[in-house]
Amino acid sequence: MGRITIFTLDNSPNCILAKKMLMDRNIPFLEISLTKHPQKRNDMISLSDKLTVPQLFINSAYVGGLSGTKRLLNGWEKDGMCPLQTYKALVAEASDPQDPRLAPSTLPPITPMQSLPREMNVIAIPRRTPDQQPQQRRSVLEVMEILKQIVHRRDLKYNLTTYKNSFRGSELVDALRDHFLISREVAVEFAEQLYHDHHMLHHVVNEHDFADTPSLFFRLHCDQTPNVLNSYRVWTERVDPDPMSLLRRLKKQIGKIFKDCTDSEERVDYKQASNHNDFPAFEEAACELQGVKLVEMQHDTKLAFCINLYNLMIKYAFVKVGIGSSQMGRNAFFNSVGFVLGGHFLTFQDMEHGILRGNRKAPYAASRQFGPNDDRLDLVFSEVDIRIHFALNCGARSCPQILDFTSYGVHEELRVAAFEFCDDDENFSIHGNTIHLSKIFSWYSEDFGSTSTEILQKVLRFCRASKALSLKTLLDHGGFRIKYNPYDWSTDASDFLHFSADGVKADSSRFL
């Protein structure tokens, strides 16, 4: 007999709602959980050309996602019809679907990899008196937040240089003494512990050890390199052996922050997000990326990881350092802001053009992203997968949609992302003999082709139905022209910090 098949994820709200709609009407269905059987994800994608869940099928016919399920059931209830009777007449009496992709998995369900318990480094808080019991212990996060509150950080000048967000050594000792109600001698010892053992503060130019003196300037670690996103602290704890799991956790954390800062029109208040109570915890968690090593990843894991990481860190950067509002500001943003990964500092340009594009030139650049002696050359992909241009999102409205990519399905996921990008008339449309394309195809012509015909032949690979036929006809007969659409650099922000190149510099110098 026939059946309804629905692909789901276990904790997806949309999947839970779709199943409830069916169960409320006593309509049976076969559920294929991609949580328990992730290998079936490629089957779902190839059948539906969609990356999201749920996806519902009647026998072998594709219905759609949650909205398609709603339309189906509303149609069955029209004119007082009983959905269950309609199901029996239209579905149950049919033959079983023969497509093996709609069959349940024959493999046992996977057991999700459990992250090992985090062994947090704790910091012993100095006792007010030697006999005080018990001695308090605080996490690095808790101590850093205390330091941010009690230390007067400001611009301090020495000769012609201004050291931003700095303080004098003696001022830190004063603050520790007064906050923890300890002697000055104990406060100095605690400051030295924070400096040497926990790397929570630094001399502004890393030339001196800590000293209780007004003549030396220091900074908290979170202020020392403002262009480095994941620099809240030095990560010395265990690093998750599954880098994709780490990214999922980080995305979930920042997603909760954005949910609280998003209005009814889906606009994000990035200023509000920067002051969210949970943002410091996210900042600390992102420091775990310092220990992730690209060089140790398999190709497909590395590809999915780099795309997901790029998209995640763009949103993080919008919160932490702001959004570029001009061409000059955007250039500075992409070329100066970045993150530490496995001991390597990578800007957004480094990740896109150096690693993902196999060390090619950025648009309008004079040379390759990495020089011949750059130690990051070991991280680059040997070949460029042009579909990355349909997956990387720099935060602009004209960018591709942000999607999740997996190590086991990245190639099929990129295929669907490419088709969805070219399906959108904002990215590709034909009017007469004029072909309108996203500016992306022009900027990255080195990847898509050196001539207009080569570019369009690449585009043809990612076209469906009528668009493919129209484009092929123009290619066969010639006489076409390409017009590149203006790029919309606006974002989803309702309020945000305006990015400044000077704002991500720890020091500023004024020469006579």
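Keep in mind that this is a model prediction, so the values were computed, not measured.

Things to note about the overall build of the protein chain
- Within the protein chain one finds 19 helices and 18 strands.
- Expressed as lengths along the three principal axes of its C-alpha atoms, the size of the protein chain is roughly 85 × 60 × 40 Å.
- For the protein chain, the proportion of its 512 residues judged to be buried stands at 50%.
- Looking at the protein chain alone, contacts between residues at least 24 apart form 67% of all its contacts between residues at least 6 apart.
- Accessible surface computed for the protein chain: about 25200 Å², of which carbon and sulfur atoms make up 50%.
- Seen as two clouds, the 60 positive and the 64 negative side-chain charges of the protein chain have centres 3 Å apart.

Description of the sheet that holds strand 14 (residues 428-431)
- The strand order across the open sheet built from three strands is 14-15-16, with neighbouring strands paired in mixed fashion. The open sheet has two edge strands, strand 14 and strand 16 (481-484), and neither has a second partner. Averaged over all pairs of adjacent strands, the angle between their axes in this sheet comes to 25 degrees, without regard to strand direction.
- Alignment of strand 15 (residues 434-437) against strand 16, held across four bridges, turns out to be parallel. Note on strand 16: the bridge partner recorded for Ile435 is Ile482.

Section: the sheet that holds strand 4 (residues 61-64)
- As summarised here, the arrangement of the four strands in space is 2-1-3-4, forming an open sheet in which the pairing is mixed. Both edges of this open sheet fall to strand 2 (30-33) and strand 4, since each of them pairs with a single strand only. Direction aside, the axes of adjacent strands within the sheet are offset by 25 degrees on average.
- Bridge count between strand 1 (residues 4-8) and strand 3 (residues 55-58): four bridges; the pairing is antiparallel. Following the sheet pairing, Phe7 is matched in strand 3 by Gln55.
- Sheet strands touched by helix 2 (residues 41-48): strand 1, strand 3 and strand 4. Its angle to strand 3, the strand with the most contacts, is close to 65 degrees.

Notes on the packing of helix 5 (residues 140-150) against helix 11 (residues 279-286)
- Two elements in contact, helix 5 and helix 11, have axes separated by 10 Å at closest approach and are oriented at 125 degrees. The angle between helix 5 and helix 11 falls in the class oblique. The two elements helix 5 and helix 11 cross, and the hand of that crossing is right-handed. Counting all contacts with helix 5, which are made through Val140, Leu141 and Glu145, the residues of helix 11 involved are Pro280, Ala281 and Glu284.
- Split into classes, the residues belonging to the contact of helix 5 with helix 11 amount to four nonpolar, no polar and two charged.

Considering the layout of surface pockets
- In this structure, the second largest pocket spans a volume of roughly 630 Å³.
- In terms of lining, the second largest pocket is formed by 25 residues, of which the most central are Asn165, Cys222, Asp223, Glu283 and Lys320.
- Of all elements in the fold, only strand 8 (161-168), helix 8 (221-224), helix 11 and helix 12 (299-320) reach the threshold of two or more residues within the lining of the second largest pocket.
- Take the lining of the second largest pocket: its biggest share by element is three residues, from helix 11.

So, unusual backbone geometry
- The residue after Val53, namely Pro54, is reached through a cis peptide bond having omega 0 degrees.
- Of note, Pro54 is situated in the loop between helix 2 and strand 3.
- Although it is not a glycine, Glu266 sits at a positive phi angle of roughly 65 degrees.
- Looking at the element boundaries, Glu266 is found in the loop between helix 9 (243-260) and strand 11 (268-269).
- For Tyr364, which is not a glycine, the phi torsion comes out positive at approximately 70 degrees.
- Residue position: Tyr364 is located in the loop between helix 14 (348-356) and helix 15 (410-423).

So, the nonpolar core
- By size, the foremost hydrophobic cluster in this structure holds 102 residues, and its most contacted members are Leu289, Phe305, Phe333, Phe348 and Met351.
- Those residues in contact with Leu289 that lie beyond four places of it in its chain are Asn230, Leu246, Leu247, Leu250, Phe305, Leu309, Met313, Val340, Leu341 and Gly342.
- Counting residues in each nonpolar core, the second largest holds 32 residues, with Leu141, Met144, Val151 and Leu201 among its members.

Notes on the UniProt feature "domain: DEP" (unreviewed entry) in the protein chain
- As annotated in UniProt, the feature "domain: DEP" (unreviewed entry) corresponds to residues 147-222 in the numbering used here.
- Between the end C-alpha atoms of residues 147-222 there is a gap of 11 Å, over a span that is 41% helix and 26% strand.

Examining the environment of Ile323
- In this structure, Ile323 sits in the loop between helix 12 and helix 13 (327-336).
- As for Ile323 and Ala286, which are separated by 37 residues in sequence, their C-alpha atoms are 20 Å apart.
- Beyond its immediate stretch of four places on either side in the chain, Ile323 contacts Tyr270, Phe318, Thr491, Ala493, Phe496, Leu497, His498 and Phe499.

Thresholds applied
- Residues numbered from 1 in each chain as written.
- Predicted model: local features only at pLDDT ≥ 70, side-chain atom pairs only at ≥ 80, totals over all residues.
- Heavy atoms only, no water.
- Helix = DSSP H or I, 4+ residues; strand = E, 2+ residues; numbered from the N terminus.
- Buried < 20%, exposed > 50% of the residue type's maximum accessible area, 1.4 Å probe, protein only.
- Contact = heavy atoms within 4.5 Å.
- Areas by Shrake-Rupley, 256 points an atom, 1.4 Å probe, with all protein chains shown as cover.
- Lys, Arg positive; Asp, Glu negative; His and termini not counted.
- Charge placed at Lys NZ, Arg CZ, Asp CG, Glu CD.
- Pairing = 2+ DSSP bridges.
- Axes fitted to C-alpha atoms, helices over the stretch in contact; angles between N-to-C directions.
- Parallel < 35°, antiparallel > 145°, perpendicular 65-115°, else oblique.
- Left-handed = near helix turned anticlockwise from the far one by under 90°.
- Nonpolar A, V, L, I, M, F, W, Y, C, P; charged D, E, K, R; others polar.
- 1 Å grid on protein atoms, 1.4 Å probe; cavity = no way out; pocket = protein on both sides within 12 Å on 5 of 7 lines; lining within 4 Å.
- Points joined across faces, edges and corners; volume = space filled by probe spheres on them.
- Core = buried A, V, L, I, M, F, W, Y, C linked by side-chain atoms within 4.5 Å.
- UniProt positions renumbered as here; feature names shortened; annotations may be inferred.

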